[in-house]
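Fold and contact review
What follows is each chain in one-letter form.
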Amino acid sequence: MGSLTVPHIVPTPAEDANALKKAFHGWGTDEKTLIRILGHRNANQRRNIRHTYFQLYNESLIDRLSSELSGDFGKAIILWAYDPCERDAKLAREALENSKKSVEHLKIIVEMSCASSPDHLVGVRQAYTCLFHCSLEEDIASNVSPSSLAKLLVAVVSSYRYDRDEVDSAIANSEATKLHEAIKTKQLDDDHVNWILSTRNFYQLRETFACYKTTYGNLIAQDILSCGNGKFESVLKVIICCLDSPEKHFAEVIRDSIVGFGTDEDSLTRAIVSRAEIDLMKVREEYQNLYKTSLDDAVVGDTSGDYEDFLMTLLGARN
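Residues numbered from 1 in each chain as written. Predicted model: local features only at pLDDT ≥ 70, side-chain atom pairs only at ≥ 80, totals over all residues. Heavy atoms only, no water.

**What about the packing of aromatic side chains?**
Following the criterion strictly, the structure yields six aromatic pairs and no others. When the centroid spacing of 6.1 Å and the interplanar angle of 80° are considered together, the rings of Phe 73 and Phe 310 count as edge-to-face. Placement of Phe 73 in helix 5 (residues 71–81) and of Phe 310 in helix 20 (residues 305–314) is noted, with a sequence separation of 237 residues between them. In terms of burial, Phe 73 and Phe 310 fall into one category: buried. Taken together, Phe 24, Tyr 53 and Tyr 57 form an aromatic cluster joined through their ring pairs. Above the ring of Trp 80, the side-chain terminus of Arg 46 is found at 3.7 Å from the ring centroid. Here Arg 206 stacks its cationic end above the ring of Tyr 203, 5.7 Å away from the centre of that ring. (Phe/Tyr/Trp six-rings, centres within 6.5 Å; stacked < 30°, edge-to-face > 60°. Helix = DSSP H or I, 4+ residues; strand = E, 2+ residues; numbered from the N terminus. Buried < 20%, exposed > 50% of the residue type's maximum accessible area, 1.4 Å probe, protein only. Lys NZ or Arg CZ within 6 Å of the ring centre and 35° of its normal.)

Okay, structure coming up:
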């Protein structure tokens, strides 16, 4: 369940576009108006506003936002203004162009592959091709190392999972055994592992992970770390967490972004912006269960100004 709140009576796209245009005029930008409008519009409504804004004023709303805004607030509201598939395609490109390509960067590709609907993933791949004139799979294969990790990521990003809650317990038990054997022999790059994780539907995989826990006594993610703590093992653990419980994964992303020295605003923004229309209410509940504190209080404690106001608006905590 998403946290985005949309008013019962929504202005027309032309009315919203006109109000946004006025917000850009004068001495400085009226950030409160941007938050009031864009922070309370769903993806289809934002798309209509972008199209109408261009038709009326012959300029891109995204480009105008980019020229008017800066800092964490600017990054957050621009990400939100994009079409979700285009946004994820751009995030994936940035991750793959980063020289480090750490686990934190590759999480972005895992999230859009393993914590999103099959149709959204197809849309991301189409948007990637249109924007960058090559396939997402191509860029992963040529930019990610080791090759075993690239192969795994290409497998999950190429997937189109059956999106129904059908489960076969016999298959779950059999594939839990295969996963355990791969872990026991430290052959995590086995083709069976790739095939299971990239083809089975979410419900079937969750049953498989539950069978693993029942049969072998540990969570599969825990046992994976017994094979090592390299990049491959770490990304594989993220894949399983996203497949098993997206809300728990994003609660952990938010927690990691605000604990310790300083705040990782990019991760915090990505988690809230990408899940506001999907399951941010569940993420909020999971955060409370895991850390015995309010996600809202955590965000307020580590952000300020328009950035704080915008994130709290997406969380449904402000009008």
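**What about the domain arrangement of the protein?**
Domain assignment breaks the protein into domain 1 (13–69), domain 2 (84–158), domain 3 (169–244) and domain 4 (247–315). Spacing between the C-alpha centres of domain 3 and domain 4 amounts to 28 Å. (Domains from an automatic or database assignment.)

**Examining unusual backbone geometry**
Of note, the bond from Ser 145 into Pro 146 is cis; its omega dihedral lies within 30 degrees of zero at 0°. Note on placement: Pro 146 falls in the loop between helix 9 (136–143) and helix 10 (147–157). With a phi close to 50°, Lys 101 is a non-glycine residue in the positive phi region. Checked against the element boundaries, Lys 101 lands in the loop between helix 6 (84–97) and helix 7 (103–114). Even without being a glycine, Lys 186 presents a positive backbone phi close to 55°. Checked against the element boundaries, Lys 186 lands in the loop between helix 11 (169–184) and helix 12 (191–199).

**Concerning the packing of helix 11 against helix 12**
Their axes nearest at 9 Å, the elements helix 11 and helix 12 cross at an angle of 135°. Taken together, the axis directions place helix 11 and helix 12 in an arrangement best described as oblique. For the crossing formed where helix 11 meets helix 12, the hand is left-handed. Here Glu 175, Lys 178, Leu 179 and Ala 182 of helix 11 lie close against helix 12, whose contacting residues are His 192, Val 193, Trp 195 and Ile 196. (Axes fitted to C-alpha atoms, helices over the stretch in contact; angles between N-to-C directions. Parallel < 35°, antiparallel > 145°, perpendicular 65-115°, else oblique. Left-handed = near helix turned anticlockwise from the far one by under 90°. Contact = heavy atoms within 4.5 Å.)

**Thoughts on the pattern of salt bridges**
Evaluated as defined, the whole model comprises 21 salt bridges. With its nearest N and O atoms 2.9 Å apart, the salt bridge here joins Arg 64 to Glu 68. Here the residue Arg 64 and the residue Glu 68 both occupy positions in helix 4 (residues 61–68), the gap between them amounting to four residues, near one helical turn. We classify Arg 64 as buried; its relative accessible area is 15%. A single salt-bridge network, built from bridges that share partners, covers Lys 32, Asp 306, Glu 308, Asp 309 and Arg 318. (Salt bridge = Lys/Arg side-chain N within 4 Å of Asp/Glu carboxyl O.)

**Section: the UniProt feature "binding site: Ca(2+) 1" (unreviewed entry) in the protein**
Taking the numbering used here, the UniProt-annotated feature "binding site: Ca(2+) 1" (unreviewed entry) corresponds to Phe 24, Gly 26, Gly 28, Glu 68, Ile 258, Gly 262, Val 300, Asp 302 and Glu 308. For the residues just named, distributed over 285 residues, the greatest C-alpha separation reaches 35.3 Å, placing them at more than one site. Positionally, Phe 24 belongs in the loop between helix 1 (13–23) and helix 2 (31–38). Given a relative accessible area of 3%, Phe 24 falls into the buried group. Dropping the residues within four chain positions of it, Phe 24 is found in contact with Thr 29, Leu 34, Tyr 53, Leu 61, Arg 64, Leu 65 and Glu 68. Structurally, the position occupied by Gly 262 is in the loop between helix 16 (246–258) and helix 17 (265–275). Of the residues examined, Gly 262 reaches a relative accessible area of 43% and is grouped as partly exposed. (UniProt positions renumbered as here; feature names shortened; annotations may be inferred.)

**Considering helix 8 (residues 118–132)**
Helix length check: helix 8, at 15 residues, gives a terminal C-alpha distance of 21 Å against a target of 21 Å (1.5 Å per residue), a fit within 8%. All of the buried residues along helix 8 are Pro 118, His 120, Leu 121, Gly 123, Val 124, Ala 127 and Tyr 128. Those residues of helix 8 that are buried are in contact with helix 6, helix 7, helix 9 and helix 10. Remark: His 133 follows helix 8 within two positions and exhibits a positive phi of approximately 60°. (Expected span 1.5 Å × (residues − 1).)

**Looking at the nonpolar core**
Counting residues in each nonpolar core, the largest one holds 97 residues, and the members touching the most others are Leu 65, Leu 153, Leu 197, Ile 239 and Ile 272. Residues within four places of Leu 65 in sequence aside, it is in contact with Phe 24, Leu 34, Leu 38, Ile 78 and Ala 81. (Core = buried A, V, L, I, M, F, W, Y, C linked by side-chain atoms within 4.5 Å.)

**Concerning the UniProt feature "binding site: Ca(2+) 3" (unreviewed entry) in the protein**
Per the UniProt record, "binding site: Ca(2+) 3" (unreviewed entry) is found at Thr 303. Structurally, the position occupied by Thr 303 is in the loop between helix 19 (295–302) and helix 20. Taking relative accessible area as the criterion, Thr 303 reaches 9% and is therefore assigned buried. Once residues within four sequence positions are removed from consideration, Thr 303 is found in contact with Leu 268, Glu 308 and Leu 311. A distance of 2.6 Å separates the side chain of Thr 303 from the backbone oxygen of Val 299, its partner in a polar contact. (Polar contact = N/O pair within 3.5 Å; in protein donor to acceptor, adjacent residues only side chain to side chain.)

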